[in-house]
Amino acid sequence: MGFFWSLAMRRAVVWVMLAGSLWAQSVAAQSVNDGRLLASGCFQCHGTSGLKGGFGTLAGMGKEDMLNKLNNDMRSKDARSSIMNPHARGYTSYQLTLIADYFSKLPKP
Ligand code: HEC
């Protein structure tokens with residue numbers, strides 16, 4: 001292989017690697033679990049992945065159960081002074097659904 005050829009080859013390899021990593025990144029971005037991303041805001045108090053937090057385990061909690069608590073109990077006026085109130089109100093109902101869906105699919109510890 002001449003010098004020119006090896007240079008071209010090297011460029012091709014770099015290009016393929018770059019294209020490959022861009023592709024991998026876009027696949028990763030697409031498959032990022034939106035629920036987990038949103039739920040990461042809960043990890044601080046409820047533990048990473050809803051496990052072993054200081055304030056109750058969320059991993060494996062029933063989806064309807066969690067949504068009921070978040071949408072009704074915790075968002076209500078009566079709950080204004082609770083720690084969970086601003087968190088329950090800080091997300092749209094759709095986001096809470098994604099969050100509850102994420103936690104409900106984790107194995108119960
Ligand atoms: C700043 C700390 C903090 C953060 C952040 C937080 N929580 Fe909580 N959470 C609490 C506390 C304290 C309680 C228990 C007392 C209460 O109900 O207010 C609780 C209770 C709960 C309960 C009821 C648990 C049970 O066993 O009935 C659920 C469900 C819940 N949180 C979900 C979430 C979700 C979902 C998020 C993220 C969107 C979140 N929490 C973020 C502090 C937090």
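None of these values were measured; they are calculated from a predicted model. (Residues numbered from 1 in each chain as written. Predicted model: local features only at pLDDT ≥ 70, side-chain atom pairs only at ≥ 80, totals over all residues.)

Visitor: Can you help me understand the site of the ligand in this one?
Guide: Residues in close proximity to the ligand total 17 residues, the closest being Cys42, Cys45, Phe55, Ser82 and Met84. For the shell around the ligand, the secondary structure elements donating two or more residues are α2 (34–46), α3 (63–73) and α4 (84–89). For the shell around the ligand, the leading source of residues is α2, giving 5 residues. Grouping the amino acids of the shell around the ligand by side-chain chemistry returns 10 nonpolar, 6 polar and 1 charged. (Near = placed C-beta within 6 Å. Helix = DSSP H or I, 4+ residues; strand = E, 2+ residues; numbered from the N terminus. Nonpolar A, V, L, I, M, F, W, Y, C, P; charged D, E, K, R; others polar.)

Visitor: What's the story with the confidence of the model for the protein chain in this structure? I'm lost.
Guide: Detailed reading of the predicted coordinates is not advisable wherever pLDDT is low. For the protein chain, per-residue confidence averages 84 on the pLDDT scale, and 76% of positions sit at 70 or higher. Averaged pLDDT values over the elements of the protein chain bottom out at 62 in helix α1 (residues 3–31) and peak at 96 in α3. The low-confidence segment residues 27–32, where pLDDT is below 50, has 1 contact with residues more than four positions distant or belonging to other chains. (pLDDT = per-residue confidence, 0-100. Contact = placed C-beta atoms within 7 Å.)

Visitor: Help me out: how do you make sense of unusual backbone geometry in this one?
Guide: Working note: non-glycine residues mostly have negative phi, and peptide bonds are mostly trans. At Ser49, a residue that is not glycine, the phi angle is positive and equals roughly 60°. Note on placement: Ser49 falls in the loop between α2 and α3.

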